[in-house]
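An overview of the molecular structure
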Amino acid sequence: MRLVFSLASLALLTACGGGGSSSNSGFPAADAPVVTAEFVVTVTNLTNAQPLSPVALIGHDGSQQIFTLGAPASAGLEVLAEGGDNSELLAAFDGMASVFLTRGGAAPIGPGGSESFSITVNDVTRADLALSIATMLVNTNDAITAVNNMDVSDLAAGERMSVRTIAYDAGTEADTEGPGTIPGPADGGEGFNEARDDEVDRVSMHPGVLSAMDGLVTSVLTEQHRFDNPVAQVVIERVN
């Protein structure tokens, strides 16, 4: 009886995996390493005398736009376009499920200058990544330049994309160019004013500025402040 019981016990232990050759299949597998992609975004000012305000950069899944041509500017875009402050625009996108990241520029970008941003995303996010960028031409009433929904999801490591941007009129402030209305160094005047005094009140292509030499005798701008498109260059490089 003892022998029969011992053999039965041994068989039961073997069936239950009690032998030394059992596998670790019952334990959770180690987490797979997180794959990331790193991008460097560089914004360069191509104008002669139009500093660009601190940049607003938004990374999203392709479903967001900073503005739509022919439609009124958002409150955040109005603040940026009239006074160069990017904080309200970035705050409007922060926390959205479709927005992966927001970045604000450290300082204005002078003519000929540039600023670079390094952003890192996981590979799942990278598969849908699009970038939108906006900045004000500060020696204007409400001119901006922007990249709206630029798809960078297909960039391979070592590849880059480059786009030259044009000027838009936010349509929130009349382009009087008069004393006290230009926030940039050409005047040091008022920035954002919540009253929308442009009767058009829609985002459109910017026609350019006028100076006293062009016949607008009340303008604080000079011929140095004129600009032709393009006004900025944006380069996106995937570095890994």
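For the structure given in this document, a descriptive report is provided here.

Here the focus is helix H2 (residues 75–83). Buried residues dominate H2, accounting for seven of its nine residues. Of all the residues in H2, the buried ones are Gly76, Leu77, Glu78, Val79, Leu80, Ala81 and Glu82. Buried residues along H2 sit against strand E2 (56–60), helix H3 (87–93), strand E5 (130–136) and strand E6 (143–151). Directly after H2, the chain includes Gly84, whose backbone phi takes a positive value near 80°.

Bringing the sheet that holds strand E4 (residues 114–122) into the picture now. The strands making up a sheet are joined through hydrogen bonds of the backbone, oriented either antiparallel or parallel. What the four strands build is an open sheet, ordered E4-E1-E10-E7; its pairing is antiparallel. At either margin of the open sheet sits one strand with a lone partner, and together these are E4 and strand E7 (160–165). Sheet twist, expressed as the mean angle between neighbouring strand axes with direction ignored, is 15°.

A word on the pattern of salt bridges. What the rule picks out here adds up to five salt bridges. When the shortest N-O distance is used, the salt bridge between Arg126 and Asp123 registers 3.3 Å. One end of the pair, Arg126, and the other, Asp123, are both in helix H4 (residues 123–126), three residues apart, so they sit about a helical turn from each other. Residue class for Arg126 comes out buried when judged on its relative accessible area of 17%. Accessibility expressed as a relative area gives 29% for Asp123, which makes it partly exposed. The partner of Arg226 in a salt bridge is Asp214, and the shortest N-O contact between them spans 2.6 Å. Of this pair, Arg226 sits in the loop between strand E9 (204–205) and strand E10 (232–238) while Asp214 sits in the loop between E9 and E10, and the two are 12 residues apart along the sequence. A relative accessible area of 37% places Arg226 in the partly exposed class. By sharing partners, the salt bridges in this structure join Glu78, Arg196 and Asp201 into a single network.

About the thresholds
- Residues numbered from 1 in each chain as written.
- Predicted model: local features only at pLDDT ≥ 70, side-chain atom pairs only at ≥ 80, totals over all residues.
- Heavy atoms only, no water.
- Buried < 20%, exposed > 50% of the residue type's maximum accessible area, 1.4 Å probe, protein only.
- Helix = DSSP H or I, 4+ residues; strand = E, 2+ residues; numbered from the N terminus.
- Contact = heavy atoms within 4.5 Å.
- Pairing = 2+ DSSP bridges.
- Axes fitted to C-alpha atoms, helices over the stretch in contact; angles between N-to-C directions.
- Salt bridge = Lys/Arg side-chain N within 4 Å of Asp/Glu carboxyl O.

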